[in-house]
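# Secondary and tertiary structure notes
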Amino acid sequence: MIRPQNLKPGDKVTIVSTARKVTSAEVQTAVELLKNWGLKPILGETIDAEENQFAGSDALRTKDFQQSLDDPEIKAIWCGRGGYGTVRIIDELDFSGFKKIPKWIIGFSDVTVLHSHIHSLGIETLHAQMPFAIEKKSEETRSSINKVLFGEKYDIEFSAKQFNLNRPGNAKGQLVGGNLSILYSLCGSASALNTKGKILFLEDLDEYLYHIDRMLQNLKRNGMFENLAGLIVGGMTKMNDNEKPYGKTAEEIILEIISGYNFPVCFDFPAGH
(Lines give C-alpha, C1' and ligand atoms only; values in the text may rest on other atoms or scores of the structure.)
Protein backbone atom coordinates (compact mmCIF):
# COMPACT_ATOMS: atom_id res chain seq x y z
CA MET A 1 0.00 0.00 0.00
CA ILE A 2 1.15 3.55 -0.78
CA ARG A 3 1.19 5.82 2.26
CA PRO A 4 0.60 9.55 1.67
CA GLN A 5 3.47 11.83 2.66
CA ASN A 6 3.68 12.95 6.27
CA LEU A 7 2.47 16.48 6.90
CA LYS A 8 4.80 19.23 8.05
CA PRO A 9 4.15 22.68 9.56
CA GLY A 10 2.75 25.10 6.98
CA ASP A 11 0.95 22.44 4.94
CA LYS A 12 -2.58 23.18 3.78
CA VAL A 13 -5.53 21.01 4.83
CA THR A 14 -9.02 21.44 3.39
CA ILE A 15 -12.23 20.76 5.25
CA VAL A 16 -15.01 19.75 2.85
CA SER A 17 -18.23 17.78 3.08
CA THR A 18 -19.10 14.98 0.68
CA ALA A 19 -22.32 14.21 2.52
CA ARG A 20 -24.50 16.07 5.04
CA LYS A 21 -24.50 19.83 5.42
CA VAL A 22 -22.23 21.40 8.00
CA THR A 23 -21.58 25.01 8.97
CA SER A 24 -18.33 26.89 9.41
CA ALA A 25 -19.27 27.43 13.06
CA GLU A 26 -19.57 23.67 13.56
CA VAL A 27 -16.05 23.04 12.24
CA GLN A 28 -14.41 26.00 13.99
CA THR A 29 -12.87 23.82 16.70
CA ALA A 30 -11.23 21.70 13.99
CA VAL A 31 -9.96 24.84 12.28
CA GLU A 32 -8.31 26.00 15.50
CA LEU A 33 -6.92 22.53 16.09
CA LEU A 34 -5.23 22.48 12.68
CA LYS A 35 -3.77 25.92 13.35
CA ASN A 36 -2.41 24.71 16.69
CA TRP A 37 -0.71 21.89 14.82
CA GLY A 38 1.02 24.46 12.59
CA LEU A 39 -1.15 23.65 9.57
CA LYS A 40 -3.16 25.99 7.32
CA PRO A 41 -6.87 25.08 7.30
CA ILE A 42 -8.95 25.95 4.23
CA LEU A 43 -12.74 25.66 4.15
CA GLY A 44 -14.19 24.27 0.95
CA GLU A 45 -17.24 25.61 -0.86
CA THR A 46 -19.38 22.87 0.66
CA ILE A 47 -18.98 24.27 4.16
CA ASP A 48 -22.11 26.37 4.81
CA ALA A 49 -23.63 25.13 1.53
CA GLU A 50 -27.07 23.54 1.73
CA GLU A 51 -29.42 21.57 -0.48
CA ASN A 52 -31.98 19.86 1.73
CA GLN A 53 -29.88 17.60 4.01
CA PHE A 54 -26.80 17.73 1.79
CA ALA A 55 -23.82 20.09 1.83
CA GLY A 56 -24.89 21.54 -1.48
CA SER A 57 -25.78 19.76 -4.70
CA ASP A 58 -24.09 16.60 -5.93
CA ALA A 59 -22.31 18.75 -8.51
CA LEU A 60 -20.97 21.14 -5.87
CA ARG A 61 -19.80 18.37 -3.56
CA THR A 62 -18.08 16.65 -6.48
CA LYS A 63 -16.41 19.87 -7.59
CA ASP A 64 -15.28 20.78 -4.08
CA PHE A 65 -13.73 17.40 -3.35
CA GLN A 66 -12.18 17.17 -6.83
CA GLN A 67 -10.50 20.55 -6.44
CA SER A 68 -8.94 19.40 -3.17
CA LEU A 69 -7.82 16.14 -4.80
CA ASP A 70 -6.17 17.98 -7.68
CA ASP A 71 -4.59 20.92 -5.85
CA PRO A 72 -0.90 20.02 -5.25
CA GLU A 73 -0.72 22.47 -2.34
CA ILE A 74 -3.41 20.59 -0.42
CA LYS A 75 -1.75 17.82 1.60
CA ALA A 76 -4.82 16.39 3.36
CA ILE A 77 -8.61 16.44 3.02
CA TRP A 78 -10.63 16.27 6.23
CA CYS A 79 -14.27 15.43 5.58
CA GLY A 80 -16.44 17.70 7.69
CA ARG A 81 -19.35 15.39 8.42
CA GLY A 82 -20.86 12.03 7.57
CA GLY A 83 -24.55 11.24 7.26
CA TYR A 84 -25.33 10.27 3.69
CA GLY A 85 -24.31 11.43 0.24
CA THR A 86 -20.77 10.29 -0.63
CA VAL A 87 -21.98 7.34 -2.71
CA ARG A 88 -23.91 9.80 -4.89
CA ILE A 89 -20.66 11.39 -6.11
CA ILE A 90 -18.02 8.65 -5.93
CA ASP A 91 -18.36 7.65 -9.61
CA GLU A 92 -17.99 11.26 -10.73
CA LEU A 93 -14.61 11.71 -9.04
CA ASP A 94 -11.35 11.43 -10.99
CA PHE A 95 -8.56 9.91 -8.89
CA SER A 96 -5.92 9.87 -11.65
CA GLY A 97 -3.99 12.85 -10.23
CA PHE A 98 -4.48 11.63 -6.66
CA LYS A 99 -2.89 8.27 -7.57
CA LYS A 100 0.25 10.10 -8.72
CA ILE A 101 0.45 12.31 -5.63
CA PRO A 102 -1.60 10.73 -2.80
CA LYS A 103 -2.74 12.81 0.14
CA TRP A 104 -4.48 11.90 3.38
CA ILE A 105 -8.28 11.48 3.22
CA ILE A 106 -9.71 11.65 6.75
CA GLY A 107 -13.13 10.73 8.14
CA PHE A 108 -15.43 7.88 9.13
CA SER A 109 -19.10 6.83 8.85
CA ASP A 110 -20.28 7.80 5.33
CA VAL A 111 -16.64 8.50 4.42
CA THR A 112 -16.24 4.70 4.44
CA VAL A 113 -17.24 5.02 0.76
CA LEU A 114 -13.99 6.88 0.10
CA HIS A 115 -11.90 4.57 2.29
CA SER A 116 -13.17 1.47 0.51
CA HIS A 117 -12.88 2.94 -2.99
CA ILE A 118 -9.38 4.34 -2.44
CA HIS A 119 -8.17 1.12 -0.85
CA SER A 120 -8.78 -0.55 -4.21
CA LEU A 121 -6.33 2.00 -5.67
CA GLY A 122 -3.64 0.77 -3.29
CA ILE A 123 -3.47 3.95 -1.20
CA GLU A 124 -3.83 4.33 2.57
CA THR A 125 -6.52 6.55 4.12
CA LEU A 126 -7.25 7.57 7.70
CA HIS A 127 -10.43 6.34 9.43
CA ALA A 128 -10.80 9.01 12.11
CA GLN A 129 -13.10 11.50 13.81
CA MET A 130 -14.45 14.38 11.71
CA PRO A 131 -14.45 18.15 12.33
CA PHE A 132 -18.19 18.26 13.09
CA ALA A 133 -17.78 16.59 16.49
CA ILE A 134 -14.07 16.84 17.24
CA GLU A 135 -14.62 19.20 20.19
CA LYS A 136 -16.65 16.50 21.96
CA LYS A 137 -13.92 13.90 21.68
CA SER A 138 -10.99 13.15 23.95
CA GLU A 139 -7.50 14.53 23.69
CA GLU A 140 -6.42 10.97 22.86
CA THR A 141 -8.66 11.04 19.80
CA ARG A 142 -7.23 14.34 18.59
CA SER A 143 -3.68 13.21 19.35
CA SER A 144 -4.12 10.01 17.35
CA ILE A 145 -4.99 11.99 14.22
CA ASN A 146 -1.98 14.23 14.74
CA LYS A 147 0.40 11.30 15.16
CA VAL A 148 -0.72 9.58 11.97
CA LEU A 149 -0.63 12.75 9.87
CA PHE A 150 2.84 13.73 11.07
CA GLY A 151 4.24 10.21 10.84
CA GLU A 152 4.79 9.55 14.53
CA LYS A 153 4.69 6.05 16.01
CA TYR A 154 1.11 5.14 16.87
CA ASP A 155 -0.14 2.07 18.73
CA ILE A 156 -3.48 1.21 20.32
CA GLU A 157 -3.76 -0.79 23.54
CA PHE A 158 -7.09 -1.36 25.28
CA SER A 159 -9.04 -3.81 27.43
CA ALA A 160 -12.19 -5.32 25.95
CA LYS A 161 -15.29 -5.02 28.13
CA GLN A 162 -16.80 -8.18 26.64
CA PHE A 163 -13.60 -10.21 26.77
CA ASN A 164 -15.53 -13.49 26.94
CA LEU A 165 -16.76 -12.88 23.38
CA ASN A 166 -13.28 -12.43 21.95
CA ARG A 167 -11.64 -15.18 19.93
CA PRO A 168 -7.94 -14.88 20.87
CA GLY A 169 -5.17 -15.19 18.34
CA ASN A 170 -2.57 -13.29 16.36
CA ALA A 171 -3.33 -11.53 13.12
CA LYS A 172 -1.26 -9.52 10.71
CA GLY A 173 -2.53 -7.72 7.61
CA GLN A 174 -3.78 -4.51 6.09
CA LEU A 175 -6.54 -2.92 8.15
CA VAL A 176 -9.69 -2.25 6.10
CA GLY A 177 -13.37 -1.59 6.69
CA GLY A 178 -15.38 1.00 8.55
CA ASN A 179 -19.13 1.44 8.79
CA LEU A 180 -21.01 -1.84 8.28
CA SER A 181 -24.02 -0.21 6.58
CA ILE A 182 -21.77 1.48 4.02
CA LEU A 183 -19.70 -1.64 3.32
CA TYR A 184 -22.96 -3.55 2.82
CA SER A 185 -24.22 -0.94 0.36
CA LEU A 186 -20.98 -1.13 -1.67
CA CYS A 187 -21.10 -4.89 -2.24
CA GLY A 188 -21.00 -5.71 -5.94
CA SER A 189 -19.72 -2.26 -6.93
CA ALA A 190 -16.34 -0.99 -8.06
CA SER A 191 -15.86 0.33 -4.51
CA ALA A 192 -16.36 -3.01 -2.75
CA LEU A 193 -13.57 -4.30 -0.51
CA ASN A 194 -11.32 -7.24 -1.24
CA THR A 195 -10.70 -8.58 2.27
CA LYS A 196 -8.47 -11.57 1.46
CA GLY A 197 -5.61 -11.78 3.94
CA LYS A 198 -6.68 -8.55 5.64
CA ILE A 199 -8.02 -7.47 9.03
CA LEU A 200 -11.60 -6.22 8.76
CA PHE A 201 -12.93 -3.50 11.08
CA LEU A 202 -16.69 -3.03 11.53
CA GLU A 203 -18.79 -0.52 13.46
CA ASP A 204 -22.32 0.85 13.22
CA LEU A 205 -24.92 3.02 14.88
CA ASP A 206 -28.71 3.11 15.27
CA GLU A 207 -29.55 -0.04 13.27
CA TYR A 208 -32.19 -2.70 13.89
CA LEU A 209 -30.71 -6.00 15.02
CA TYR A 210 -32.38 -7.95 12.23
CA HIS A 211 -30.77 -5.57 9.75
CA ILE A 212 -27.36 -6.16 11.35
CA ASP A 213 -27.93 -9.84 10.60
CA ARG A 214 -29.05 -9.08 7.03
CA MET A 215 -25.98 -6.94 6.31
CA LEU A 216 -23.55 -9.46 7.78
CA GLN A 217 -25.19 -12.30 5.87
CA ASN A 218 -24.62 -10.28 2.69
CA LEU A 219 -20.96 -9.71 3.54
CA LYS A 220 -20.63 -13.45 4.14
CA ARG A 221 -22.32 -14.30 0.82
CA ASN A 222 -19.93 -11.89 -0.92
CA GLY A 223 -16.97 -13.82 0.48
CA MET A 224 -15.74 -11.06 2.77
CA PHE A 225 -15.06 -13.50 5.63
CA GLU A 226 -13.24 -16.00 3.44
CA ASN A 227 -9.47 -16.00 4.06
CA LEU A 228 -9.82 -13.07 6.47
CA ALA A 229 -6.79 -12.59 8.74
CA GLY A 230 -8.82 -11.17 11.61
CA LEU A 231 -11.95 -9.25 12.60
CA ILE A 232 -12.11 -6.14 14.80
CA VAL A 233 -15.53 -4.99 16.01
CA GLY A 234 -15.85 -1.42 17.24
CA GLY A 235 -18.90 0.30 18.64
CA MET A 236 -22.23 -1.30 17.76
CA THR A 237 -24.03 1.62 19.34
CA LYS A 238 -27.70 2.33 20.08
CA MET A 239 -29.01 -0.82 18.43
CA ASN A 240 -32.78 -1.07 17.97
CA ASP A 241 -35.15 -4.02 18.29
CA ASN A 242 -38.71 -4.75 17.23
CA GLU A 243 -41.66 -5.36 19.55
CA LYS A 244 -40.95 -9.05 19.13
CA PRO A 245 -37.25 -9.26 20.13
CA TYR A 246 -34.69 -10.54 17.68
CA GLY A 247 -33.14 -12.55 20.49
CA LYS A 248 -29.47 -11.73 20.05
CA THR A 249 -27.19 -8.76 20.57
CA ALA A 250 -25.22 -7.35 17.64
CA GLU A 251 -22.10 -9.05 18.99
CA GLU A 252 -23.88 -12.41 19.26
CA ILE A 253 -25.13 -12.04 15.70
CA ILE A 254 -21.57 -11.47 14.51
CA LEU A 255 -20.27 -14.52 16.36
CA GLU A 256 -23.01 -16.72 14.94
CA ILE A 257 -22.34 -15.65 11.35
CA ILE A 258 -18.57 -16.14 11.55
CA SER A 259 -18.78 -19.38 13.54
CA GLY A 260 -17.54 -21.38 10.54
CA TYR A 261 -14.28 -19.43 10.29
CA ASN A 262 -11.22 -19.64 12.53
CA PHE A 263 -9.72 -16.14 12.38
CA PRO A 264 -9.24 -14.20 15.66
CA VAL A 265 -11.96 -11.75 16.68
CA CYS A 266 -11.69 -8.68 18.90
CA PHE A 267 -14.75 -6.89 20.29
CA ASP A 268 -15.09 -3.49 21.98
CA PHE A 269 -12.39 -1.83 19.90
CA PRO A 270 -12.50 1.88 20.92
CA ALA A 271 -13.70 3.28 17.60
CA GLY A 272 -17.15 4.01 16.25
CA HIS A 273 -19.86 6.63 16.37
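See the structure above.
Everything numeric in this text was worked out from a predicted model, so none of it was measured.

### Some remarks on the layout of surface pockets
By volume, the largest pocket is sized at about 1,700 Å³. Secondary structure elements with two or more residues in the lining of the largest pocket: α4 (112-119), β5 (126-127), α5 (139-149), β6 (175-179) and β7 (199-205). Among the elements that take part in the lining of the largest pocket, α5 stands out by supplying 7 residues, more than any other. Looking at the lining of the largest pocket residue by residue, the classes come out as 22 nonpolar, 18 polar and 8 charged. Considered as a void within the structure, the second largest pocket measures approximately 480 Å³ in volume. Elements supplying a minimum of two residues to the lining of the second largest pocket: α6 (180-186) and β7. Of the residues belonging to the lining of the second largest pocket, the class tally is 7 nonpolar, 7 polar and 8 charged.

### Comments concerning the pairing of β6
Extensive coverage of β6 is indicated by the burial of 4 of its 5 residues. Relative to β7, β6 runs parallel, the two being bridged by 5 bridges. In the sheet register, Gly177 faces β7, and the bridge partner there is Phe201. Handedness of the crossover is the feature at issue here: the chain leaves β6, passes through α6, returns alongside β7, and the resulting connection is right-handed.

### A few points about the pairing of strand β4 (residues 104-107)
Each regular strand shows side chains that alternate between the opposite faces of the sheet. Side-chain alternation along β4 places Trp104 and Ile106 on one buried face and Ile105 and Gly107 on a second face that is also buried. Sheet topology note: the strand β3 (residues 74-79)/β4 ladder contains 3 bridges and is parallel. Within β4, the position partnered with Trp78 by the bridge is Ile106. Here β4 runs beside β5; their pairing, made up of 2 bridges, is parallel. Paired with Gly107 across the strands is His127, a residue of β5. Remark: the β4/α4/β5 crossover connection has right-handed handedness.

### A look at the packing of aromatic side chains
This structure, assessed with the given rule, holds 7 aromatic pairs. Seen in terms of ring centroids, Phe158 and Phe269 are 5.4 Å apart; in terms of plane orientation they differ by 90 degrees. Their pairing is edge-to-face. Residue Phe158 is found in the loop between α5 and β6, and its partner Phe269 is found in the segment after β9 (265-266); the two are separated by 111 residues along the sequence. Assessed through its relative accessible area of 32%, Phe158 is described here as partly exposed.

### Overview of the pattern of salt bridges
What the rule picks out here adds up to 11 salt bridges. Asp58 is the partner of Arg88 in a salt bridge, and the nearest nitrogen-oxygen pair spans 2.9 Å. Taken together, the residues span a long stretch of sequence, with Arg88 in the loop between β3 and α3 (96-100) and Asp58 in helix α2 (residues 58-70) at a distance of 30 residues. The exposure class of Arg88 is partly exposed, given its relative accessible area of 42%. Residue Asp58 is classed as partly exposed on the basis of its relative accessible area of 23%. Residue Lys153 is joined to Asp155 by a salt bridge in which the shortest nitrogen-to-oxygen separation is 3.0 Å.

### Observations regarding the side chain of Lys103
Relative to the helices and strands, Lys103 resides in the loop between α3 and β4. In this structure the side chain of Lys103 is engaged in a polar contact, spanning 2.8 Å, whose partner is the backbone oxygen of Ser68. For Lys103, the side chain forms a polar contact with the main-chain oxygen of Ile74, separated by 3.0 Å.

Each value, and the rule that gives it
Residues numbered from 1 in each chain as written. Predicted model: local features only at pLDDT ≥ 70, side-chain atom pairs only at ≥ 80, totals over all residues. Heavy atoms only, no water. 1 Å grid on protein atoms, 1.4 Å probe; cavity = no way out; pocket = protein on both sides within 12 Å on 5 of 7 lines; lining within 4 Å. Points joined across faces, edges and corners; volume = space filled by probe spheres on them. Helix = DSSP H or I, 4+ residues; strand = E, 2+ residues; numbered from the N terminus. Nonpolar A, V, L, I, M, F, W, Y, C, P; charged D, E, K, R; others polar. Buried < 20%, exposed > 50% of the residue type's maximum accessible area, 1.4 Å probe, protein only. Pairing = 2+ DSSP bridges. Right-handed = clockwise from strand over helix to strand, strands pointing away. Phe/Tyr/Trp six-rings, centres within 6.5 Å; stacked < 30°, edge-to-face > 60°. Salt bridge = Lys/Arg side-chain N within 4 Å of Asp/Glu carboxyl O. Polar contact = N/O pair within 3.5 Å; in protein donor to acceptor, adjacent residues only side chain to side chain.

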